[in-house]
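Single-letter residue listing:
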Amino acid sequence: MTKRNTGRFILAVITLIVLLFGWKYRVLGWIVPAAMGAGVLGVILFGNRFVCGHLCPRGAFLDIFVSKAAAKKSAPEFVHGPALKITVLVGFAAFFFFNLYKLPDYSLLPVLFWKMCLITTLIGLLLAFFINERAWCMICPIGTFEGFLRRENKLLHVGGGCISCGKCDKTCPTKIKPGGFKGGRITHLNCIACGQCKNVCPVKVIK
């Protein structure tokens, strides 16, 4: 097992522990905002959704524990579009602040974070079984926020030497068809900068 795979396995196990025991051991709930903050910090530092593709605990959980049972379909176009992303972002922000207002004691704040993690993971599992394991990443509120903060010069570039073999399209976890961006940057909001397209490119034109 490579260092990257070992790290992602650890992240996946951490996610599972938070989901199973976060309601009882409140300190685990703080892992949720820490992961969210890491995503935002990542896009500031790297200019793309690098954290989504490499360091996201839930992404690792979906890849390692869910992928084998998940469907392998492309998402409907409306899932890829910005309208649903913004709706989910606003909806979860409203959910958080409404429940924050209702909290009788701020010591329960980590439980609220756990509850949000549980709800979004259940949605992620549902989407995985009907679309694919990374379908949640297409509408993730933090991912959407990161998508709007990306810097174009930090996005993956598909060189003009692309031979249109389709290998990158097949391996892309969010099914955005990187090959369609031949000669330019992969500007799709659902690109999580995982580099899988780059790794399978036979002519090494994705950089």
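Residues numbered from 1 in each chain as written. Predicted model: local features only at pLDDT ≥ 70, side-chain atom pairs only at ≥ 80, totals over all residues. Heavy atoms only, no water.

**Regarding the packing of aromatic side chains**
For clarity, the threshold we go by: Any two of the Phe, Tyr and Trp rings considered here, Trp counted by its six-membered ring, make a pair once their centres fall within 6.5 Å; the pair's planes then place it as stacked at under 30 degrees, edge-to-face at over 60, or tilted in between. Helix and strand definitions follow DSSP, with helices as H or I runs of at least four residues and strands as E runs of at least two, each counted in order from the N terminus. Exposure is judged per residue with a 1.4 Å probe applied to protein chains only, and the accessible area is read against the type maximum: over 50% gives exposed, under 20% gives buried, and values in between give partly exposed.
Across all of its chains, the model carries eight aromatic pairs by this definition. For the pair F92 and F95, a centre-to-centre distance of 6.4 Å together with 65 degrees between the ring planes defines the contact as edge-to-face. On the criterion of helical spacing, the pair formed by F92 and F95 is a turn pair, its members being three residues apart in helix α6 (residues 82-102). Judged by its relative accessible area of 26%, F95 falls in the partly exposed class. Look at F96 and F113: their rings are 5.5 Å apart centre to centre, the planes differ by 25 degrees, and that puts the pair in the stacked class. Placement of F96 in helix α6 and of F113 in helix α7 (residues 109-130) is noted, with a sequence separation of 17 residues between them. The buried category is assigned to F96, whose relative accessible area is 15%. Taken together, the ring pairs connect W30, F96, F97 and F113 into an aromatic cluster.

**As for the side chain of H80**
Rules: Under this definition, polar contacts are N or O atom pairs within 3.5 Å; protein pairs additionally need one hydrogen-donor-capable and one acceptor-capable atom, and for neighbouring residues in sequence, both atoms have to be side-chain atoms.
In this structure, H80 sits in helix α5 (residues 77-80). For H80, a relative accessible area of 9% gives the class buried. At 2.7 Å, the side chain of H80 forms a polar contact with the side chain of N190.

So yeah, pure geometry; function would need other evidence.
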